[in-house]
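# Structure at a glance
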2 protein chains.
Amino acid sequence: MAVRNSTHFGIAGYYSLMAIKEGMIGIAVTNTRPSVPPTSGVEPILGTNPLTAGCPTDEDFPFLIDCATSIIQRGKVEVYNRLKKPLPKGLVINNKEESEIDPTKILNNLGNNTAALLSFGRMGEENGGHKGYGYATLVEILSSALQDGIYLKDTAGIKENGKKYLKVGHFFLAINIENFIPLDTFSKITGNIMKGLRNSKKAPGCDRIFTAGEKEFEAEMERCKTGIPINENLQQDIKIMQEELGLKKYNFPF
Amino acid sequence: MAVRNSTHFGIAGYYSLMAIKEGMIGIAVTNTRPSVPPTSGVEPILGTNPLTAGCPTDEDFPFLIDCATSIIQRGKVEVYNRLKKPLPKGLVINNKEESEIDPTKILNNLGNNTAALLSFGRMGEENGGHKGYGYATLVEILSSALQDGIYLKDTAGIKENGKKYLKVGHFFLAINIENFIPLDTFSKITGNIMKGLRNSKKAPGCDRIFTAGEKEFEAEMERCKTGIPINENLQQDIKIMQEELGLKKYNFPF
(Lines give C-alpha, C1' and ligand atoms only; values in the text may rest on other atoms or scores of the structure.)
Protein backbone atom coordinates (compact mmCIF):
# COMPACT_ATOMS: atom_id res chain seq x y z
CA MET A 1 0.00 0.00 0.00
CA ALA A 2 1.27 3.44 -0.97
CA VAL A 3 0.06 6.50 0.97
CA ARG A 4 0.28 10.09 -0.30
CA ASN A 5 -0.11 13.58 1.21
CA SER A 6 0.42 12.26 4.74
CA THR A 7 2.37 13.70 7.66
CA HIS A 8 4.53 12.21 10.47
CA PHE A 9 3.05 8.74 11.00
CA GLY A 10 4.43 8.23 14.54
CA ILE A 11 6.29 5.02 15.37
CA ALA A 12 7.23 3.25 12.13
CA GLY A 13 7.44 -0.12 13.89
CA TYR A 14 3.79 0.21 14.97
CA TYR A 15 2.64 -0.67 11.44
CA SER A 16 4.89 -3.74 11.26
CA LEU A 17 3.43 -4.82 14.63
CA MET A 18 -0.06 -4.65 13.03
CA ALA A 19 1.10 -7.14 10.38
CA ILE A 20 2.84 -9.34 12.97
CA LYS A 21 -0.39 -9.62 15.00
CA GLU A 22 -2.03 -11.05 11.86
CA GLY A 23 0.75 -13.63 11.38
CA MET A 24 2.49 -11.66 8.66
CA ILE A 25 5.86 -10.09 7.96
CA GLY A 26 5.44 -6.29 8.06
CA ILE A 27 7.53 -3.68 6.28
CA ALA A 28 6.89 0.05 6.72
CA VAL A 29 8.81 2.99 5.27
CA THR A 30 8.26 6.74 5.05
CA ASN A 31 10.14 9.68 3.66
CA THR A 32 10.72 12.59 6.04
CA ARG A 33 11.95 16.21 6.03
CA PRO A 34 15.29 16.83 4.24
CA SER A 35 18.17 16.29 6.66
CA VAL A 36 20.58 13.72 5.14
CA PRO A 37 23.16 14.32 2.38
CA PRO A 38 24.14 11.80 -0.31
CA THR A 39 27.67 10.33 -0.16
CA SER A 40 30.12 13.05 -1.37
CA GLY A 41 27.47 15.70 -0.66
CA VAL A 42 26.77 18.09 2.22
CA GLU A 43 23.25 19.30 1.44
CA PRO A 44 20.43 17.80 3.54
CA ILE A 45 18.20 16.50 0.73
CA LEU A 46 17.06 13.03 1.80
CA GLY A 47 15.06 12.35 4.95
CA THR A 48 16.16 10.15 7.82
CA ASN A 49 13.87 7.71 5.98
CA PRO A 50 13.24 4.76 8.31
CA LEU A 51 13.32 1.30 6.73
CA THR A 52 11.52 -0.88 9.24
CA ALA A 53 10.45 -4.50 9.32
CA GLY A 54 9.27 -7.16 11.71
CA CYS A 55 8.00 -10.71 11.91
CA PRO A 56 6.55 -13.15 14.44
CA THR A 57 8.67 -15.48 16.57
CA ASP A 58 7.72 -18.20 19.07
CA GLU A 59 9.01 -15.96 21.90
CA ASP A 60 7.12 -13.40 24.02
CA PHE A 61 7.99 -10.65 21.56
CA PRO A 62 8.63 -10.40 17.81
CA PHE A 63 11.70 -9.53 15.78
CA LEU A 64 11.29 -5.82 15.04
CA ILE A 65 13.83 -3.51 13.47
CA ASP A 66 12.62 0.09 13.55
CA CYS A 67 15.32 2.58 12.71
CA ALA A 68 16.27 5.50 10.52
CA THR A 69 18.70 5.02 7.63
CA SER A 70 20.70 7.89 9.16
CA ILE A 71 22.94 7.14 12.18
CA ILE A 72 20.68 9.30 14.37
CA GLN A 73 17.43 11.07 13.58
CA ARG A 74 16.20 14.58 14.41
CA GLY A 75 14.35 13.37 17.54
CA LYS A 76 17.63 12.19 19.05
CA VAL A 77 19.22 15.60 18.42
CA GLU A 78 16.23 17.11 20.25
CA VAL A 79 16.87 14.76 23.20
CA TYR A 80 20.55 15.84 23.34
CA ASN A 81 19.30 19.44 23.19
CA ARG A 82 16.92 18.97 26.14
CA LEU A 83 19.62 17.21 28.12
CA LYS A 84 22.00 20.08 27.17
CA LYS A 85 24.63 17.52 26.08
CA PRO A 86 26.89 17.61 22.99
CA LEU A 87 26.53 14.85 20.38
CA PRO A 88 29.32 12.31 19.75
CA LYS A 89 31.56 13.25 16.81
CA GLY A 90 30.95 11.87 13.33
CA LEU A 91 27.14 11.77 13.33
CA VAL A 92 26.36 15.24 11.98
CA ILE A 93 28.31 17.45 9.54
CA ASN A 94 28.27 21.11 8.58
CA ASN A 95 28.41 22.22 4.93
CA LYS A 96 32.22 21.97 4.95
CA GLU A 97 31.84 18.27 5.84
CA GLU A 98 33.20 18.92 9.35
CA SER A 99 31.77 17.17 12.40
CA GLU A 100 29.18 19.24 14.32
CA ILE A 101 28.29 18.35 17.95
CA ASP A 102 26.20 21.29 19.33
CA PRO A 103 22.54 20.11 19.31
CA THR A 104 20.99 23.63 19.38
CA LYS A 105 23.16 24.72 16.46
CA ILE A 106 22.34 21.52 14.56
CA LEU A 107 18.58 21.95 15.00
CA ASN A 108 18.84 25.54 13.72
CA ASN A 109 21.18 24.67 10.86
CA LEU A 110 19.17 21.69 9.58
CA GLY A 111 16.60 24.28 8.54
CA ASN A 112 19.01 26.42 6.54
CA ASN A 113 20.91 23.58 4.83
CA THR A 114 24.16 24.08 6.78
CA ALA A 115 23.91 20.93 8.90
CA ALA A 116 23.17 17.38 7.81
CA LEU A 117 22.69 14.04 9.59
CA LEU A 118 24.97 11.34 8.15
CA SER A 119 23.65 8.05 6.75
CA PHE A 120 24.65 4.93 8.63
CA GLY A 121 28.19 4.01 7.68
CA ARG A 122 29.25 7.65 8.22
CA MET A 123 31.16 9.59 5.56
CA GLY A 124 32.70 8.05 2.46
CA GLU A 125 32.52 4.65 0.82
CA GLU A 126 35.31 2.99 2.85
CA ASN A 127 33.01 2.80 5.89
CA GLY A 128 29.94 1.87 3.87
CA GLY A 129 28.37 5.35 3.97
CA HIS A 130 27.07 4.79 0.44
CA LYS A 131 24.97 1.90 1.77
CA GLY A 132 22.98 4.07 4.17
CA TYR A 133 22.63 6.59 1.35
CA GLY A 134 21.41 3.86 -1.01
CA TYR A 135 18.79 2.55 1.43
CA ALA A 136 17.63 6.12 2.20
CA THR A 137 17.13 6.59 -1.56
CA LEU A 138 15.19 3.32 -1.80
CA VAL A 139 12.89 4.55 0.98
CA GLU A 140 12.49 7.93 -0.80
CA ILE A 141 11.42 6.11 -3.98
CA LEU A 142 9.00 3.69 -2.27
CA SER A 143 7.48 6.63 -0.33
CA SER A 144 6.84 8.82 -3.36
CA ALA A 145 7.08 7.28 -6.84
CA LEU A 146 4.30 4.69 -6.38
CA GLN A 147 1.71 7.40 -5.69
CA ASP A 148 3.07 10.50 -7.50
CA GLY A 149 3.89 12.01 -4.10
CA ILE A 150 6.24 14.54 -2.53
CA TYR A 151 10.00 13.84 -2.50
CA LEU A 152 13.42 15.30 -1.60
CA LYS A 153 13.35 19.08 -0.89
CA ASP A 154 9.53 19.29 -1.22
CA THR A 155 9.19 17.26 1.99
CA ALA A 156 10.28 20.48 3.80
CA GLY A 157 6.81 21.87 3.01
CA ILE A 158 4.54 22.63 0.05
CA LYS A 159 2.86 26.05 -0.30
CA GLU A 160 -0.84 25.91 -1.13
CA ASN A 161 -3.10 29.01 -0.98
CA GLY A 162 -0.38 30.96 0.82
CA LYS A 163 0.02 28.36 3.57
CA LYS A 164 2.86 25.85 4.00
CA TYR A 165 1.90 22.21 4.42
CA LEU A 166 4.23 19.40 5.46
CA LYS A 167 3.57 16.40 3.25
CA VAL A 168 5.25 13.01 3.07
CA GLY A 169 4.41 9.56 1.72
CA HIS A 170 4.56 6.04 3.11
CA PHE A 171 4.76 2.50 1.79
CA PHE A 172 3.54 -0.57 3.65
CA LEU A 173 4.01 -4.21 2.75
CA ALA A 174 2.49 -7.23 4.52
CA ILE A 175 3.65 -10.72 3.51
CA ASN A 176 1.30 -13.52 4.50
CA ILE A 177 3.55 -16.20 5.97
CA GLU A 178 0.92 -18.93 5.60
CA ASN A 179 1.19 -18.54 1.80
CA PHE A 180 4.68 -20.05 2.18
CA ILE A 181 4.76 -22.23 5.29
CA PRO A 182 2.73 -22.90 8.46
CA LEU A 183 3.07 -19.94 10.84
CA ASP A 184 4.23 -22.24 13.69
CA THR A 185 7.17 -23.53 11.62
CA PHE A 186 8.14 -19.99 10.61
CA SER A 187 7.95 -18.72 14.20
CA LYS A 188 9.99 -21.62 15.54
CA ILE A 189 12.80 -20.86 13.07
CA THR A 190 12.79 -17.11 13.78
CA GLY A 191 12.79 -17.89 17.52
CA ASN A 192 15.79 -20.20 17.01
CA ILE A 193 17.61 -17.47 15.06
CA MET A 194 16.99 -15.00 17.92
CA LYS A 195 18.25 -17.50 20.53
CA GLY A 196 21.25 -18.42 18.37
CA LEU A 197 22.29 -14.77 18.11
CA ARG A 198 21.83 -14.10 21.85
CA ASN A 199 23.78 -17.22 22.81
CA SER A 200 26.75 -16.49 20.54
CA LYS A 201 30.16 -15.50 22.00
CA LYS A 202 30.10 -12.07 23.68
CA ALA A 203 32.69 -9.34 23.14
CA PRO A 204 35.01 -8.66 26.13
CA GLY A 205 33.11 -6.50 28.64
CA CYS A 206 29.69 -7.33 27.17
CA ASP A 207 27.49 -9.72 29.12
CA ARG A 208 24.50 -9.69 26.85
CA ILE A 209 23.59 -9.69 23.14
CA PHE A 210 20.18 -8.28 22.24
CA THR A 211 18.00 -9.00 19.21
CA ALA A 212 16.04 -6.22 17.47
CA GLY A 213 12.91 -5.38 19.46
CA GLU A 214 14.11 -7.03 22.69
CA LYS A 215 15.17 -3.83 24.50
CA GLU A 216 11.92 -2.13 23.51
CA PHE A 217 9.86 -5.10 24.77
CA GLU A 218 11.68 -5.03 28.12
CA ALA A 219 11.20 -1.27 28.36
CA GLU A 220 7.47 -1.68 27.69
CA MET A 221 7.17 -4.32 30.44
CA GLU A 222 9.10 -2.10 32.87
CA ARG A 223 7.07 1.04 32.02
CA CYS A 224 3.80 -0.84 32.51
CA LYS A 225 4.98 -1.66 36.04
CA THR A 226 6.73 1.52 37.17
CA GLY A 227 5.59 4.29 34.85
CA ILE A 228 7.41 6.52 32.38
CA PRO A 229 10.61 8.21 33.65
CA ILE A 230 11.07 11.85 32.61
CA ASN A 231 14.19 13.97 32.92
CA GLU A 232 14.49 17.17 35.00
CA ASN A 233 14.16 19.56 32.06
CA LEU A 234 10.93 17.94 30.97
CA GLN A 235 9.62 17.89 34.57
CA GLN A 236 10.22 21.64 34.63
CA ASP A 237 8.39 22.11 31.30
CA ILE A 238 5.45 20.09 32.58
CA LYS A 239 5.29 22.11 35.83
CA ILE A 240 5.16 25.37 33.84
CA MET A 241 2.52 23.91 31.53
CA GLN A 242 0.43 22.76 34.50
CA GLU A 243 0.64 26.18 36.17
CA GLU A 244 -0.14 28.06 32.94
CA LEU A 245 -3.11 25.89 32.08
CA GLY A 246 -4.24 25.45 35.70
CA LEU A 247 -4.07 21.71 35.18
CA LYS A 248 -4.65 19.55 38.24
CA LYS A 249 -5.58 16.39 36.41
CA TYR A 250 -2.11 14.91 35.95
CA ASN A 251 -0.39 14.34 39.26
CA PHE A 252 3.27 13.64 38.64
CA PRO A 253 5.33 12.54 41.65
CA PHE A 254 7.33 15.81 41.91
CA MET B 1 9.45 -16.38 -3.83
CA ALA B 2 11.46 -18.29 -1.25
CA VAL B 3 14.27 -20.64 -2.40
CA ARG B 4 15.77 -23.42 -0.30
CA ASN B 5 18.86 -25.66 -0.49
CA SER B 6 20.60 -23.30 -2.91
CA THR B 7 24.20 -22.16 -3.10
CA HIS B 8 25.97 -18.86 -3.99
CA PHE B 9 23.57 -17.18 -6.41
CA GLY B 10 26.14 -14.85 -8.03
CA ILE B 11 25.37 -11.14 -8.33
CA ALA B 12 22.40 -10.30 -6.08
CA GLY B 13 21.53 -7.24 -8.17
CA TYR B 14 21.10 -9.45 -11.25
CA TYR B 15 17.73 -10.66 -9.94
CA SER B 16 16.51 -7.13 -9.27
CA LEU B 17 17.53 -6.24 -12.83
CA MET B 18 15.26 -9.07 -14.06
CA ALA B 19 12.32 -7.40 -12.28
CA ILE B 20 13.33 -3.94 -13.53
CA LYS B 21 13.28 -5.17 -17.15
CA GLU B 22 9.64 -6.17 -16.59
CA GLY B 23 8.71 -2.74 -15.20
CA MET B 24 8.82 -3.87 -11.60
CA ILE B 25 10.61 -3.07 -8.37
CA GLY B 26 12.92 -5.97 -7.53
CA ILE B 27 14.17 -7.03 -4.12
CA ALA B 28 16.60 -9.95 -3.68
CA VAL B 29 18.21 -11.25 -0.50
CA THR B 30 20.25 -14.30 0.46
CA ASN B 31 21.89 -15.63 3.56
CA THR B 32 25.55 -16.57 3.27
CA ARG B 33 28.31 -18.36 5.21
CA PRO B 34 28.77 -17.23 8.86
CA SER B 35 31.14 -14.26 9.01
CA VAL B 36 29.39 -11.38 10.85
CA PRO B 37 28.87 -11.02 14.64
CA PRO B 38 25.83 -9.46 16.31
CA THR B 39 26.31 -6.12 18.12
CA SER B 40 28.16 -6.87 21.43
CA GLY B 41 29.31 -10.20 20.00
CA VAL B 42 32.53 -11.44 18.35
CA GLU B 43 31.44 -14.78 16.87
CA PRO B 44 30.83 -14.86 13.11
CA ILE B 45 27.29 -16.24 13.07
CA LEU B 46 25.37 -14.17 10.50
CA GLY B 47 26.31 -13.98 6.84
CA THR B 48 27.26 -10.83 4.97
CA ASN B 49 23.61 -11.14 3.91
CA PRO B 50 23.06 -8.74 0.99
CA LEU B 51 19.83 -6.73 1.03
CA THR B 52 19.46 -5.56 -2.55
CA ALA B 53 16.80 -3.65 -4.44
CA GLY B 54 16.28 -1.77 -7.67
CA CYS B 55 13.68 -0.02 -9.76
CA PRO B 56 13.29 1.56 -13.20
CA THR B 57 14.05 5.23 -13.92
CA ASP B 58 13.62 7.33 -17.08
CA GLU B 59 17.44 7.44 -17.39
CA ASP B 60 19.79 5.10 -19.30
CA PHE B 61 20.21 2.95 -16.20
CA PRO B 62 18.08 2.00 -13.19
CA PHE B 63 18.42 2.70 -9.49
CA LEU B 64 20.13 -0.41 -8.12
CA ILE B 65 21.50 -0.92 -4.64
CA ASP B 66 23.38 -4.21 -4.39
CA CYS B 67 25.40 -4.51 -1.23
CA ALA B 68 26.16 -6.65 1.78
CA THR B 69 24.82 -5.66 5.22
CA SER B 70 28.43 -5.93 6.43
CA ILE B 71 30.83 -3.04 5.68
CA ILE B 72 32.81 -5.31 3.38
CA GLN B 73 32.20 -8.88 2.26
CA ARG B 74 34.50 -11.87 1.98
CA GLY B 75 35.16 -11.22 -1.74
CA LYS B 76 36.67 -7.84 -0.91
CA VAL B 77 39.01 -9.43 1.65
CA GLU B 78 40.06 -11.83 -1.14
CA VAL B 79 40.80 -8.84 -3.40
CA TYR B 80 42.98 -7.23 -0.68
CA ASN B 81 44.69 -10.61 -0.31
CA ARG B 82 45.46 -10.87 -4.04
CA LEU B 83 46.71 -7.29 -4.08
CA LYS B 84 48.77 -8.11 -0.95
CA LYS B 85 47.43 -4.96 0.76
CA PRO B 86 46.26 -4.57 4.38
CA LEU B 87 42.61 -3.65 5.02
CA PRO B 88 41.63 -0.28 6.54
CA LYS B 89 41.09 -0.43 10.31
CA GLY B 90 37.62 -0.92 11.78
CA LEU B 91 36.12 -3.27 9.19
CA VAL B 92 37.11 -6.64 10.64
CA ILE B 93 37.61 -7.72 14.29
CA ASN B 94 39.28 -10.64 16.03
CA ASN B 95 37.59 -12.46 18.92
CA LYS B 96 38.88 -9.87 21.41
CA GLU B 97 36.97 -7.22 19.39
CA GLU B 98 40.27 -5.71 18.17
CA SER B 99 40.69 -4.45 14.61
CA GLU B 100 42.31 -6.96 12.21
CA ILE B 101 43.87 -5.77 8.93
CA ASP B 102 45.86 -8.74 7.50
CA PRO B 103 43.72 -10.24 4.69
CA THR B 104 45.42 -13.69 4.67
CA LYS B 105 44.95 -13.98 8.45
CA ILE B 106 41.35 -12.84 8.17
CA LEU B 107 40.49 -15.40 5.47
CA ASN B 108 42.00 -18.17 7.63
CA ASN B 109 40.40 -16.95 10.85
CA LEU B 110 36.90 -16.53 9.42
CA GLY B 111 36.86 -20.32 9.21
CA ASN B 112 37.78 -20.91 12.84
CA ASN B 113 35.54 -18.23 14.39
CA THR B 114 38.39 -15.91 15.41
CA ALA B 115 37.75 -13.18 12.84
CA ALA B 116 34.48 -11.48 11.95
CA LEU B 117 33.37 -8.87 9.39
CA LEU B 118 31.55 -5.97 11.05
CA SER B 119 28.01 -4.92 10.08
CA PHE B 120 27.67 -1.50 8.52
CA GLY B 121 27.77 1.11 11.27
CA ARG B 122 30.85 -0.63 12.76
CA MET B 123 31.01 -1.59 16.43
CA GLY B 124 28.51 -0.50 19.07
CA GLU B 125 25.17 1.27 18.96
CA GLU B 126 26.52 4.83 18.99
CA ASN B 127 27.59 4.48 15.34
CA GLY B 128 24.49 2.56 14.34
CA GLY B 129 26.19 -0.86 14.29
CA HIS B 130 22.96 -2.40 15.61
CA LYS B 131 21.23 -1.29 12.40
CA GLY B 132 23.48 -3.33 10.11
CA TYR B 133 23.06 -6.22 12.56
CA GLY B 134 19.27 -5.80 12.46
CA TYR B 135 19.12 -5.79 8.66
CA ALA B 136 21.46 -8.81 8.47
CA THR B 137 19.04 -10.63 10.80
CA LEU B 138 16.07 -9.62 8.64
CA VAL B 139 17.85 -11.10 5.59
CA GLU B 140 18.66 -14.29 7.58
CA ILE B 141 14.96 -14.67 8.42
CA LEU B 142 13.66 -13.97 4.88
CA SER B 143 16.26 -16.41 3.48
CA SER B 144 15.37 -19.31 5.77
CA ALA B 145 12.13 -19.15 7.79
CA LEU B 146 9.75 -18.95 4.80
CA GLN B 147 10.97 -22.31 3.42
CA ASP B 148 12.23 -24.18 6.54
CA GLY B 149 15.78 -23.65 5.28
CA ILE B 150 19.33 -23.46 6.59
CA TYR B 151 20.34 -20.58 8.88
CA LEU B 152 23.15 -19.16 11.04
CA LYS B 153 26.01 -21.65 11.69
CA ASP B 154 24.48 -24.31 9.42
CA THR B 155 25.23 -22.12 6.39
CA ALA B 156 28.89 -23.14 6.93
CA GLY B 157 27.93 -26.56 5.57
CA ILE B 158 25.57 -29.46 6.25
CA LYS B 159 26.86 -33.04 6.42
CA GLU B 160 24.81 -35.55 4.44
CA ASN B 161 26.02 -39.13 3.79
CA GLY B 162 29.50 -38.22 5.01
CA LYS B 163 29.84 -35.29 2.62
CA LYS B 164 29.63 -31.58 3.46
CA TYR B 165 27.23 -29.47 1.40
CA LEU B 166 27.05 -25.69 1.41
CA LYS B 167 23.39 -24.67 1.51
CA VAL B 168 21.77 -21.28 1.70
CA GLY B 169 18.35 -19.79 0.97
CA HIS B 170 17.10 -16.78 -0.97
CA PHE B 171 14.05 -14.55 -1.04
CA PHE B 172 12.88 -12.58 -4.08
CA LEU B 173 10.13 -9.99 -4.28
CA ALA B 174 8.84 -8.28 -7.44
CA ILE B 175 6.38 -5.39 -7.06
CA ASN B 176 4.37 -4.61 -10.20
CA ILE B 177 4.50 -0.83 -10.50
CA GLU B 178 1.53 -0.69 -12.88
CA ASN B 179 -0.68 -1.97 -10.01
CA PHE B 180 -0.05 1.42 -8.38
CA ILE B 181 0.66 4.00 -11.08
CA PRO B 182 1.61 4.16 -14.80
CA LEU B 183 5.23 3.03 -15.24
CA ASP B 184 6.12 6.29 -17.08
CA THR B 185 5.01 8.42 -14.11
CA PHE B 186 6.96 6.22 -11.69
CA SER B 187 10.11 6.31 -13.82
CA LYS B 188 9.94 10.10 -14.27
CA ILE B 189 9.81 10.56 -10.47
CA THR B 190 12.66 8.13 -9.78
CA GLY B 191 14.70 9.85 -12.52
CA ASN B 192 13.99 13.22 -10.87
CA ILE B 193 15.12 11.85 -7.50
CA MET B 194 18.38 10.59 -9.07
CA LYS B 195 19.02 13.98 -10.74
CA GLY B 196 18.09 15.87 -7.55
CA LEU B 197 20.64 13.88 -5.55
CA ARG B 198 23.41 14.27 -8.16
CA ASN B 199 22.80 18.02 -8.45
CA SER B 200 22.87 18.67 -4.70
CA LYS B 201 25.75 20.58 -3.06
CA LYS B 202 29.05 18.66 -3.18
CA ALA B 203 31.41 18.21 -0.22
CA PRO B 204 34.72 20.14 -0.44
CA GLY B 205 37.06 18.20 -2.74
CA CYS B 206 34.26 16.16 -4.32
CA ASP B 207 33.22 17.06 -7.86
CA ARG B 208 30.58 14.41 -8.33
CA ILE B 209 27.75 12.68 -6.47
CA PHE B 210 26.75 9.22 -7.72
CA THR B 211 23.44 7.41 -7.37
CA ALA B 212 23.30 3.67 -6.67
CA GLY B 213 24.00 1.70 -9.85
CA GLU B 214 25.58 4.63 -11.73
CA LYS B 215 29.23 3.61 -11.22
CA GLU B 216 28.41 0.04 -12.21
CA PHE B 217 26.60 1.22 -15.37
CA GLU B 218 29.59 3.37 -16.36
CA ALA B 219 31.96 0.47 -15.68
CA GLU B 220 29.84 -1.79 -17.88
CA MET B 221 29.91 0.74 -20.74
CA GLU B 222 33.67 1.15 -20.37
CA ARG B 223 34.33 -2.61 -20.19
CA CYS B 224 32.26 -3.19 -23.32
CA LYS B 225 34.55 -0.78 -25.14
CA THR B 226 37.99 -1.55 -23.73
CA GLY B 227 37.74 -4.97 -22.08
CA ILE B 228 38.19 -6.16 -18.51
CA PRO B 229 41.33 -4.92 -16.67
CA ILE B 230 43.09 -7.54 -14.54
CA ASN B 231 45.84 -6.96 -12.00
CA GLU B 232 49.35 -8.40 -12.19
CA ASN B 233 48.79 -11.19 -9.68
CA LEU B 234 45.78 -12.42 -11.61
CA GLN B 235 47.69 -12.13 -14.90
CA GLN B 236 50.32 -14.40 -13.38
CA ASP B 237 47.65 -16.89 -12.23
CA ILE B 238 46.13 -16.94 -15.69
CA LYS B 239 49.53 -17.50 -17.35
CA ILE B 240 50.18 -20.48 -15.08
CA MET B 241 46.70 -21.83 -15.76
CA GLN B 242 47.17 -21.44 -19.51
CA GLU B 243 50.51 -23.23 -19.41
CA GLU B 244 49.22 -26.04 -17.19
CA LEU B 245 46.15 -26.62 -19.32
CA GLY B 246 47.90 -25.90 -22.62
CA LEU B 247 45.26 -23.28 -23.34
CA LYS B 248 45.77 -21.15 -26.41
CA LYS B 249 42.18 -20.06 -26.83
CA TYR B 250 42.27 -16.94 -24.63
CA ASN B 251 44.79 -14.43 -25.85
CA PHE B 252 45.34 -11.82 -23.19
CA PRO B 253 47.49 -8.81 -24.14
CA PHE B 254 50.48 -9.84 -21.96
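Residues numbered from 1 in each chain as written. Chains lettered and ligands numbered in written order. Predicted model: local features only at pLDDT ≥ 70, side-chain atom pairs only at ≥ 80, totals over all residues. Heavy atoms only, no water.

All names here are of chain A. The domain boundaries assigned to chain A delineate domain 1 (2-71 + 118-212) and domain 2 (73-113). Put simply, the middle of domain 1 and the middle of domain 2, counted by C-alpha atoms, are 22 Å apart. Listed by partner, the interface residues are 15 residues for domain 1 and eleven residues for domain 2. At the junction of domain 1 and domain 2, the tally comes to two residue pairs in polar contact (both at pLDDT 80 or more). Here the residues of the side of domain 1 that touches domain 2 are counted per class, giving eight nonpolar, four polar and three charged. (Domains from an automatic or database assignment. Contact = heavy atoms within 4.5 Å. Polar contact = N/O pair within 3.5 Å; in protein donor to acceptor, adjacent residues only side chain to side chain. Nonpolar A, V, L, I, M, F, W, Y, C, P; charged D, E, K, R; others polar.)

All right, on to the sheet that holds strand β9 (residues 168-176) of chain A then. Residues and elements named next belong to chain A. Strand order across the open sheet formed by five strands is β1-β9-β2-β3-β4, with antiparallel pairing between neighbours. With partners counted over all chains shown, the strands left at the sheet margins are β1 (2-6) and β4 (63-65), one partner each. The sheet shows a mean angle of 10° between the axes of neighbouring strands, taken without regard to direction. (Pairing = 2+ DSSP bridges. Helix = DSSP H or I, 4+ residues; strand = E, 2+ residues; numbered from the N terminus. Axes fitted to C-alpha atoms, helices over the stretch in contact; angles between N-to-C directions.)

Moving on, we come to helix α7 (residues 232-245) of chain A. Given a rise of 1.5 Å per residue, 14 residues ought to cover 20 Å, and the 20 Å separating the end C-alpha atoms of α7 of chain A matches this to within 8%. Count one or two residues on from α7 of chain A and you reach Gly-246 of chain A, which has phi positive near 65°. (Expected span 1.5 Å × (residues − 1).)

Another aspect to go through is the packing of aromatic side chains. Evaluated as defined, the whole model comprises 18 aromatic pairs over all chains. Between Phe-9 of chain B and Tyr-15 of chain B, the ring centres sit 4.8 Å apart and the planes meet at 40°, which makes this aromatic pair tilted. The exposure class of Phe-9 of chain B is buried, given its relative accessible area of 11%. Given a relative accessible area of 24%, Tyr-15 of chain B falls into the partly exposed group. With a centroid separation of 4.8 Å and 25° between ring planes, the pair formed by Phe-61 of chain B and Phe-217 of chain B is classed as stacked. One end of the pair, Phe-61 of chain B, is in the loop between β3 (51-55) and β4 (63-65); the other, Phe-217 of chain B, is in helix α6 (residues 214-226), and 156 residues separate them in sequence. Of the aromatic side chains, those joined through ring pairs into one cluster are Phe-9, Tyr-14, Tyr-15 and Phe-172 of chain A. Positioned above the aromatic ring of Phe-210 of chain A is the side chain of Lys-215 of chain A, whose terminal nitrogen or guanidinium carbon lies 4.8 Å from the ring centre. (Phe/Tyr/Trp six-rings, centres within 6.5 Å; stacked < 30°, edge-to-face > 60°. Buried < 20%, exposed > 50% of the residue type's maximum accessible area, 1.4 Å probe, protein only. Lys NZ or Arg CZ within 6 Å of the ring centre and 35° of its normal.)

All names here are of chain A. Scanning the entire structure with this criterion turns up 18 salt bridges over all chains. A salt bridge links Arg-198 to Glu-59; its shortest N-O distance comes to 2.7 Å. Here Arg-198 is found in helix α5 (residues 183-198), whereas its partner Glu-59 is found in the loop between β3 (51-55) and β4, with 139 residues between them in sequence. The exposure classification of Arg-198 matches that of Glu-59, with both residues buried. Taken together, the shared-partner salt bridges in this structure form one network comprising Asp-58, Glu-59, Lys-195, Arg-198, Arg-208, Glu-214 and Glu-218. (Salt bridge = Lys/Arg side-chain N within 4 Å of Asp/Glu carboxyl O.)

Attention now moves to the confidence of the model for chain A. Averaged over all residues, the pLDDT of chain A is 91; the fraction at 70 or higher stands at 94%. Among the prediction metrics, the complex's ipTM stands at 0.90, with pTM recorded as 0.91. (pLDDT = per-residue confidence, 0-100.)

Once that is clear, we can look at the side chain of Ser-119 of chain A. Here Ser-119 of chain A lies in the loop between β6 (115-117) and α4 (129-142). Reaching out from Ser-119 of chain A, the side chain makes a polar contact with the backbone nitrogen of Tyr-133 of chain A at a distance of 3.4 Å.

The next thing to look at is the relation of the copies chain A and chain B. Rotating chain A by 180° about the axis while translating it 0.0 Å along that axis superimposes it on chain B, leaving an RMSD of 0.0 Å. Taken together, the rotation and translation relating the two chain copies correspond to the operation of a two-fold axis. In terms of C-alpha distance to the rotation axis, chain A has Gly-121 of chain A as its closest residue, with the C-alpha 2.3 Å off the axis. Both copies share a contact surface, since 100% of the interface residues of chain A are interface residues in chain B too. (Least-squares fit on C-alpha atoms with pLDDT ≥ 70 in both.)

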